[in-house]
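Chain by chain, the residues:
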Amino acid sequence: MADVEMEDPSYYDDPVVSSYDIYIKPQLAGDLQMYILQFPNRDSRQQYNKAQDSEPLKMRIKPNAGMVELDVPMNANANYDRKKGLTWGGAMKKSAESKGNGSHGLPGGFGIGAAPPSGRGRGRGGIVDQEAIQSQILADYQSAIRNERVLVKQTLGGQAMAKDDTTPQYMIGTFSGNQLHLTPVDNVVQMRPQFHHIDAQSEQDRAGRARDPAAGPRAPTDARAIHMTVKSNVDGEEDTTDTMAARITTAQSEIWKSHRFVDEEKEESWTGFSQNLFVGGFEPDIAAQDELLKTKPKLLSSLNNAEYLDEISAPMDAAKLSRSQKVKKGKGKGKEKATEGASDGAESDTLDAISDPSMSDTEDEDDAPAPRV
């Protein structure tokens, strides 16, 4: 491999290979919202779509609480414990019947205030009957899958980031020829697996223990309020206080809004993509869209370079800024003294004053130590 000549002018060339006209769209109109769903626990090559046999089944959103849930199918025939799948699937079905299709975890208020699950079939005789029923269901396993008697779906969930004045505005970019169209994003949610089936099984176990005569009477527990305090002293931020009870109440009181999930390769998805992610996407043809783009005003900046840097820079603490200004003033004062010495013709003395480590930048010449004889 030949060495690159550093003196070669072409080595430093970094030509512009392409340029684009940028168009910024407003927020989606009406009840439409733009969500970005991220799956940090999922390989990017294994997308949740029909091509991967994992097209999402249902989608639910609590807009005020910022919560999103997505039901995705599971392959109950490969790498699957059938007995546990039957146990968890039955627990989910019983929990749905008792809670009226309520949620688990934080979206469901951690089960606070929900109807107690049914404990039928529990006790020593109930356990034997339950095992017989499981053996009968497993004998016709494929029928159990079709009737969802086993756990055949997994729930992914997440919560949108809270918005304030410092929240960045994310945008989605789409290309069309030499054009880049930017659409504002309303919410970003990281979707992670939710263990609702474990919560449902725990509910059934607690109900069984409560109704088991052999367990004896249980002492009533006192209700306790959960109070969570979050303090932050970073860069002069004010302390904030939040209560878990308030978050539970907000999440539990809001009703889920169900949405239909459309696969990315369906015609309906491509139509929504063209109409909502491009300026003039609702125009009937390309020529009409080009004419509309010509009428759009150009984006002009009202900031100069210094003002732009101030706007995008992190805010400085007032105390740190004050100390920085004092240091700068002290350094400038020392340089002024050195310059005055140079004007009197004592050039060597001036060099000594600047390079002498015994004199700090903020000391006056009158305060400097007297030379020893």
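Heads up: these notes are all about the structure in this document. Not measured: the values here are computed from a predicted model.

Calculation criteria
- Residues numbered from 1 in each chain as written.
- Predicted model: local features only at pLDDT ≥ 70, side-chain atom pairs only at ≥ 80, totals over all residues.
- Heavy atoms only, no water.
- Core = buried A, V, L, I, M, F, W, Y, C linked by side-chain atoms within 4.5 Å.
- Buried < 20%, exposed > 50% of the residue type's maximum accessible area, 1.4 Å probe, protein only.
- Helix = DSSP H or I, 4+ residues; strand = E, 2+ residues; numbered from the N terminus.
- Contact = heavy atoms within 4.5 Å.
- Pairing = 2+ DSSP bridges.
- Phe/Tyr/Trp six-rings, centres within 6.5 Å; stacked < 30°, edge-to-face > 60°.
- Lys NZ or Arg CZ within 6 Å of the ring centre and 35° of its normal.
- 1 Å grid on protein atoms, 1.4 Å probe; cavity = no way out; pocket = protein on both sides within 12 Å on 5 of 7 lines; lining within 4 Å.
- Points joined across faces, edges and corners; volume = space filled by probe spheres on them.
- Nonpolar A, V, L, I, M, F, W, Y, C, P; charged D, E, K, R; others polar.
- Axes fitted to C-alpha atoms, helices over the stretch in contact; angles between N-to-C directions.
- Salt bridge = Lys/Arg side-chain N within 4 Å of Asp/Glu carboxyl O.
- Polar contact = N/O pair within 3.5 Å; in protein donor to acceptor, adjacent residues only side chain to side chain.

## Some points on the nonpolar core
Move 1: The biggest cluster of nonpolar side chains holds 11 residues, and these are Tyr35, Tyr48, Met59, Ile61, Val68, Leu70, Val72, Leu156, Ala160, Val189 and Met191.
Move 2: Listed by contribution, the elements that provide at least two residues to this core are strand E3 (58-62) and strand E4 (67-73).
Move 3: Top contributing element to this core by residue count: E4, with 3 residues.
Move 4: Every residue in contact with valine 189, bar those within four places of it in the chain, is listed here: Tyr35, Ile36, Leu37, Gln38, Val68, Gly158, Gln159 and Ala160.
Move 5: Of all hydrophobic cores here, the second largest spans 10 residues; its members include Tyr80, Ile137, Tyr141 and Ala144.

## Here we look at the pairing of strand E6 (residues 171-176)
Move 1: Bridge count between E6 and strand E7 (residues 179-184): 6 bridges; the pairing is antiparallel. The residue of E7 that forms the bridge with isoleucine 172 is threonine 183.
Move 2: The turn joining E6 and E7, which pair antiparallel and follow one another in sequence, is formed by 2 residues; a positive phi near 65° is taken by glycine 177.

## A closer look at the packing of aromatic side chains
To describe a pair of aromatic rings, you give the distance between the ring centres and the angle between the ring planes.
Move 1: For the coordinates displayed, the defined rule picks out 4 aromatic pairs.
Move 2: Ring centres of tyrosine 20 and phenylalanine 175 lie 5.2 Å apart, and the angle between their planes is 65°; this geometry places the pair in the edge-to-face category. Of this pair, tyrosine 20 sits in the segment before strand E1 (21-24) while phenylalanine 175 is found in strand E6, placing the two residues 155 residues apart along the sequence.
Move 3: An angle of 55° between the planes, with centres 5.1 Å apart, marks the rings of phenylalanine 39 and tyrosine 48 as tilted.
Move 4: The partly exposed category is assigned to phenylalanine 39, whose relative accessible area is 26%.
Move 5: Judged by relative accessible area, tyrosine 48 falls into the buried class, the value being 15%.
Move 6: An aromatic cluster of at least three residues, connected via ring pairs, comprises Trp270, Phe273 and Phe278.
Move 7: The ring of tyrosine 48 has arginine 42 sitting right over it, with the charged end atom 4.2 Å from the ring centre.
Move 8: Here the basic side chain of lysine 62 rests over the ring of tryptophan 256, its NZ or CZ set 4.9 Å away from the ring centre.

## Things to note about the layout of surface pockets
Move 1: Taken as a whole, the largest pocket spans an internal volume of roughly 1,600 Å³.
Move 2: Surrounding the largest pocket, 36 residues form its lining, Gln33, Met34, Tyr35, Phe261 and Val262 being those nearest its centre.
Move 3: Among the elements of the structure, strand E2 (35-38), E3, strand E12 (257-259) and helix H6 (267-276) are those that each provide at least two residues to the lining of the largest pocket.
Move 4: Here the element with the most residues in the lining of the largest pocket is H6; it accounts for 6 residues.
Move 5: For the lining of the largest pocket, the residue count by class is 19 nonpolar, 9 polar and 8 charged.

## Some points on unusual backbone geometry
Move 1: Even without glycine at this site, aspartate 53 takes up a positive phi of about 55°.
Move 2: Among the structural elements, aspartate 53 can be located in the loop between E2 and E3.
Move 3: Classification of aspartate 53 by relative accessible area gives exposed; the value is 70%.
Move 4: Notably, asparagine 79 is not glycine yet its phi reads approximately 50°, a positive angle.
Move 5: Inspection of the secondary structure assignment puts asparagine 79 in the loop between E4 and helix H1 (82-99).

## Concerning the pairing of E4
Move 1: Burial analysis of E4 places 6 of its 7 residues in the buried class, which makes it a mostly covered element.
Move 2: Bridging between E3 and E4 involves 5 bridges; their strand directions are antiparallel. From the neighbouring strand, arginine 60 faces E4, where its bridge partner is glutamate 69.
Move 3: Where E4 lies against strand E5 (residues 153-159), 7 bridges are found, and the strand directions are antiparallel.

## Details of the sheet that holds E6
Move 1: Spatially, 3 strands are ordered E1-E7-E6 in an open sheet, and the strand pairing comes out mixed. Because the sheet does not close on itself, it has two edges, and the strands there are E1 and E6. Strand after strand, the sheet turns through a mean of 25° between neighbouring axes, direction not considered.

## Some thoughts on the pattern of salt bridges
Move 1: Under the counting rule described, the total for this entry stands at 7 salt bridges.
Move 2: Between aspartate 43 and arginine 45 there is a salt bridge; the shortest N-O distance is 2.9 Å.
Move 3: Glutamate 268 is the partner of arginine 260 in a salt bridge, and the nearest nitrogen-oxygen pair spans 2.9 Å.
Move 4: We classify arginine 260 as exposed; its relative accessible area is 63%.
Move 5: By sharing partners, the salt bridges in this structure join Arg60, Glu69, Asp71 and Lys153 into a single network.

## Let's talk about the sheet that holds strand E9 (residues 192-194)
Move 1: Overall, antiparallel pairing links the 5 strands, which are arranged E9-E5-E4-E3-E12 in an open sheet. Of all strands in the sheet, those with a lone pairing partner are E9 and E12, marking the two edges. Direction aside, neighbouring strands of the sheet carry axes that sit 30° apart on average.

## A word on helix H8 (residues 305-312)
What sets the pattern is the α-helix's 3.6 residues per turn: residues three or four places apart point alike.
Move 1: The buried fraction of H8 amounts to 0 of the 8 residues, a small share that puts the element mostly on the outside.
Move 2: N-cap assignment for H8: the residue whose side-chain oxygen lies 3.3 Å from the backbone N of alanine 306 is asparagine 304.

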